[in-house]
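Chain residues, written in single-letter form:
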Amino acid sequence: MNCAMSPDGKIAGAERRQLRISSPEDMDRVKRLRMECQAILVGAGTILADDPHLTVKGQPTEKQALRVVLDPRGKIPENALVLDTRARTLVVTLEDCTRQYQGAETVRLGKGTLDLKALLDILGQRGVSTLLVEGGGETIYSFFRAGLVDVYSVFVGDFIIGGRESPTPVDGEGFRLGEHVPLRLVSFERLGSGVHLTYEVRRDA
Ligand SMILES: NC(=O)c1ccc[n+]([C@@H]2O[C@H](COP(=O)([O-])OP(=O)(O)OC[C@H]3O[C@@H](n4cnc5c(N)ncnc54)[C@H](OP(=O)(O)O)[C@@H]3O)[C@@H](O)[C@H]2O)c1
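Given the structure is predicted, the values throughout are model-derived calculations rather than measurements.

Engineer: Would you mind showing me how to read the site of the ligand here?
Structural biologist: Taken together, 28 residues form the shell around the ligand, and within it Arg16, Thr46, Asp50, Lys75 and Thr139 come nearest. In this structure, a nitrogen atom belonging to the ligand sits 3.1 Å away from a main-chain N or O atom of isoleucine 11. With respect to the ligand, the side chain of lysine 75 contributes an N or O atom lying 2.6 Å from an oxygen atom. Calculation on the ligand without its partners gives an accessible area of 930 Å², and the protein chains cover 86% of this total.

Engineer: Just to check I follow, could you spell out the nonpolar core for this structure?
Structural biologist: Note that soluble globular proteins tend to have their nonpolar side chains buried in a common cluster. Counting 31 residues, the largest nonpolar core has Met1, Val68, Leu70, Val92, Leu119 and Phe143 as the members making the most contacts within it. Breaking this core down by element, the ones donating at least two residues are strand E1 (2-5), strand E2 (39-43), strand E3 (66-70), strand E4 (89-93), helix H3 (116-125), helix H4 (137-145), strand E7 (151-156) and strand E9 (194-201). Grouped together as the second largest cluster of nonpolar side chains are 16 residues, Ile40, Ala44, Ile47 and Ala80 included.

Engineer: What's the story with the environment of threonine 93 in this structure? I'm lost.
Structural biologist: Tracing the chain through its elements places threonine 93 in strand E4. When the C-alpha positions of threonine 93 and valine 107 are compared, they lie 6.4 Å apart, and in sequence the two are 14 residues distant. Apart from residues lying up to four places away in sequence, threonine 93 is in contact with Asp71, Pro72, Tyr101, Thr106, Val107, Arg108, Leu109 and Leu114. A polar atom in the side chain of threonine 93 sits 3.0 Å from the side chain of arginine 108.

Engineer: Help me understand the sheet that holds strand E6 (residues 131-135), please; the structure alone is not making it clear to me.
Structural biologist: In a beta sheet, neighbouring strands are held together by backbone hydrogen bonds and run either parallel or antiparallel to one another. Across the sheet, which stays open at both edges, the five strands sit in the order E5-E4-E3-E2-E6 with parallel pairing between neighbours. Edge positions in the open sheet fall to strand E5 (105-108) and E6, since each of these has one partner strand only. Across this sheet, the average inter-strand angle for adjacent strands is 25°, counted without regard to direction. H3 contacts E2, E3, E4 and E6 of the sheet and is inclined by roughly 165° relative to E3.

Engineer: Would you mind showing me how to read unusual backbone geometry here?
Structural biologist: One can expect most non-glycine residues to show negative phi and most peptide bonds to be in trans. At the junction of glycine 135 and glycine 136, the peptide bond is cis and its omega measures out at -5° in the coordinates. Despite not being glycine, arginine 16 has its phi angle at roughly 60°, a positive value. In this fold, arginine 16 is placed in the loop between E1 and helix H1 (24-36). For leucine 54, which is not a glycine, the phi torsion comes out positive at approximately 60°. Turning to its location among the elements, leucine 54 is positioned in the loop between helix H2 (44-50) and E3.

Engineer: It is not clear to me how the side chain of threonine 168 should be interpreted in this structure. Could you clarify?
Structural biologist: As for its position among the elements, threonine 168 is in the loop between E7 and strand E8 (183-191). In terms of polar contacts, threonine 168 uses its side chain to reach the side chain of aspartate 171, at 2.6 Å. Ignoring anything within four residues of it in the chain, the contact list for threonine 168 reads Gly9, Lys10, Ile11 and Gly137.

Engineer: When you look at the packing of aromatic side chains in this model, what are you seeing that I'm missing?
Structural biologist: The description of two aromatic rings rests on the distance between their centres and on the angle between their planes. What the rule picks out here adds up to three aromatic pairs. Between the aromatic rings of tyrosine 141 and phenylalanine 175, the centroid separation amounts to 5.1 Å while the plane-to-plane angle is 45°, which identifies the pairing as tilted. Linking tyrosine 141 in helix H4 with phenylalanine 175 in the loop between E7 and E8, this pair joins segments that are 34 residues apart in sequence. Judged by centre distance (5.8 Å) and plane angle (65°), the ring pair of phenylalanine 144 and tyrosine 152 falls under edge-to-face. Through a chain of ring-to-ring contacts, the aromatic side chains of Phe144, Tyr152 and Tyr199 assemble into a single cluster.

Engineer: Just to check I follow, could you spell out the pairing of E7 for this structure?
Structural biologist: On a regular strand, each side chain points to the face opposite its neighbour's, so the side chains alternate between the two faces of the sheet. Summarising burial for E7: five of the six residues are buried, a large majority. Bridge count for E1 against E7 is four bridges, and the pairing is parallel. Note on E7: the bridge partner recorded for alanine 4 is phenylalanine 155. Of the pairings in the sheet, the one linking E7 to E9 comprises six bridges and is antiparallel in character. Paired with tyrosine 152 across the bridge in E9 is tyrosine 199.

Rules behind the numbers
- Residues numbered from 1 in each chain as written.
- Predicted model: local features only at pLDDT ≥ 70, side-chain atom pairs only at ≥ 80, totals over all residues.
- Heavy atoms only, no water.
- Near = heavy atom within 4 Å.
- Polar contact = N/O pair within 3.5 Å; in protein donor to acceptor, adjacent residues only side chain to side chain.
- Areas by Shrake-Rupley, 256 points an atom, 1.4 Å probe, with all protein chains shown as cover.
- Core = buried A, V, L, I, M, F, W, Y, C linked by side-chain atoms within 4.5 Å.
- Buried < 20%, exposed > 50% of the residue type's maximum accessible area, 1.4 Å probe, protein only.
- Helix = DSSP H or I, 4+ residues; strand = E, 2+ residues; numbered from the N terminus.
- Contact = heavy atoms within 4.5 Å.
- Pairing = 2+ DSSP bridges.
- Axes fitted to C-alpha atoms, helices over the stretch in contact; angles between N-to-C directions.
- Phe/Tyr/Trp six-rings, centres within 6.5 Å; stacked < 30°, edge-to-face > 60°.

Set out below in structure tokens:
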């Protein structure tokens, strides 16, 4: 899990447009992280808001990580950059979604909500042992809710975004008392004007 947030805990403004929160040093770190991972995943909300291509510039197609998009109801636009030819793409929909995607493979998993455990099994069968989840808040929450997060990495930038409607790293329904996800701080480092924190999810708590 990796994202960038403001010091007041927001990953974008209330209008949900893409914001550059990472420092140049953090951008370099994310680039290295993307190159180390075999697959990179985002939710449909991030595709609609940011239209990311999820590739590393200058790398040939065969060296790019597999791009994975959670699009349960088939709502991402046909011309989304994640469907281009710069890397392979897997789109995950619900079983009753009939949308076909030009330029991407489709897997249909689950009724009502996506079966993330089944998705990880499918990725594992394809040799993917490191999956980088980059957001947004609904997607990160659903991975935490399913108990599928090993490492949570967050860069804290240097400006306040504010707003009760602004997305945070972990949105969704939230966790009730007794359900909170325990973490262990593994490292912290200054990266330019911000700080990068790495936590492991505690399985022993
Ligand atoms: N600062 C950062 O690091 C960073 C990174 C990424 C994104 N962002 C920001 O985050 C915002 C978008 O976040 P978001 O929370 O709205 O969108 P999101 O998490 O990218 O996508 C949410 C959508 O993905 C689908 N989804 C995710 N998990 C699912 C599950 N387990 N089962 C079924 N469907 C699932 C649902 O689609 P349906 O709605 O079709 O059901 C859901 O509404 C944007 O403002 C973007 O700029 C910031």
